[in-house]
Amino acid sequence: MLMVYLTDVWKLKLTDAAAIVNVFLGFQAIPQSFLLFSAHGLFGNYPVLLGSIFACCVGMGFLTMSTPPVLAKATGTCSAYQPECIGEGQRILFYIALALSALGAAGQAVSFPSFLVEQLGENANPPSIWFLQCVAVILFKAAAVLGFSYISPWSLWFGVPAICYTVAAFIFLSGSCTYKYVKPEGSPITTLFRVLAASISKLFYQLPTDASQLYNVSDRNRQYVPHTNGLRFLDKAAIILPGQTLEQQLRNRWRLCSIAEIEVTKFAIRTFPMSMTFILGGGL
């Protein structure tokens, strides 16, 4: 739909339109790590899901407003679906709409499945619900294809989904008083921030020459893990400070981390540049 809009209205080349849509799809995968940490480590699934729904609603609204007829009088441009009728304001709204829609889609991808489990427990995805979801999606897509075939203005192409999404958001909000709210229990991404915080707090401490003097016991399985020499700055998070017992230092999880947790953080940092290529691959 965006490809057709960019090629027919903006008169972009097919490759340029494909690049914009590809970046839009790829951007949906970039913020998922931060949003996952926010959902499971800071705020919980409901606030993140609510924020993502709001972002999608605003994004769809901005996308509708970016079409030429909607803001033609306010921007002093023409109302025809031609490139000369698309001013700087419409272009800015269009790109903001894509960013908000991608952010909202990323937030829903990381928070909605967990939120559904919190509400329904073990019955979060029984065959009956799965079947009804499939039928609803098929019927909705069939109705959209048949209905949109009779819609010519692009403002309605974007406006109708925006209205439907807003109505769905209000329906979701209407049940806020009945939802189960589960406090965040922590996320694997929390380990990354803990290691960074612990290593920064011990910035002026000297690393021991023997790595065996570092805290090298995993909190989960109580097994030793191999130690790597790369990113040695992070190893400071495992320094056992003098003057305090190990038990006392273990009470503050943001001051002492194990080698196992440090190695997980090193792996995440090493693979982060690869994840940035998702934006070029459309998130696939």
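Residues numbered from 1 in each chain as written. Predicted model: local features only at pLDDT ≥ 70, side-chain atom pairs only at ≥ 80, totals over all residues. Heavy atoms only, no water.

Our next topic: the pattern of salt bridges. Side-chain pairs of opposite charge can arise whenever the charged atoms involved come near each other. Counted according to the given criterion, the structure contains three salt bridges. Put simply, D235 and K266 hold a salt bridge, and the shortest N to O gap is 3.0 Å. In this pair, D235 is assigned in the loop between helix 9 (188-201) and helix 10 (246-250) and K266 in helix 11 (residues 259-275), connecting sequence segments 31 residues apart. In terms of burial, D235 and K266 fall into one category: buried. Where E263 meets K266, a salt bridge forms, and the shortest distance between an N and an O atom there is 3.5 Å. (Salt bridge = Lys/Arg side-chain N within 4 Å of Asp/Glu carboxyl O. Helix = DSSP H or I, 4+ residues; strand = E, 2+ residues; numbered from the N terminus. Buried < 20%, exposed > 50% of the residue type's maximum accessible area, 1.4 Å probe, protein only.)

If you check helix 2 (residues 14-27), its first and last C-alpha atoms are 20 Å apart, about what 14 residues at 1.5 Å a residue would give, namely 20 Å. For helix 2, the complete set of buried residues consists of A17, I20, V21, F24 and G26. The elements touched by buried residues of helix 2 are helix 1 (2-8) and helix 6 (88-120). (Expected span 1.5 Å × (residues − 1). Contact = heavy atoms within 4.5 Å.)

The next subject is the UniProt feature "transmembrane region" (unreviewed entry) in the protein chain. Feature annotation in UniProt places "transmembrane region" (unreviewed entry) on residues 20-39, 46-65, 92-117, 129-148 and 154-173, given in this structure's numbering. This span, residues 20-39, is 80% helix and 0% strand, and a straight line between its end C-alpha atoms measures 29 Å. Within residues 154-173, the helical portion is 100% and the strand portion 0%, while the C-alpha atoms at the span's ends are 29 Å from each other. (UniProt positions renumbered as here; feature names shortened; annotations may be inferred.)

A full pass over the atoms with the stated rule returns one disulfide. With no disulfide of its own, C57 lies closest to C56 among cysteine sulfurs, the gap being 7.1 Å. (Disulfide = S-S within 2.5 Å.)

Attention shifts here to the side chain of Q119. On the secondary structure map, Q119 appears in helix 6. Judged by its relative accessible area of 15%, Q119 is buried. Residues in contact with Q119, not counting those within four places in the same chain, are Y179 and K180.

Turning to a nonpolar patch on the surface, a few remarks are in order. A surface patch of nonpolar side chains, amounting to about 470 Å² of accessible area, comprises I200, L203, F204 and F233. You can call L203 partly exposed: its relative accessible area is 39%. (Patch = residues over 30% accessible without salt bridge, like charges linked within 9 Å, V, L, I, M, F, W, Y side chains within 5 Å. Areas by Shrake-Rupley, 256 points an atom, 1.4 Å probe, with all protein chains shown as cover.)

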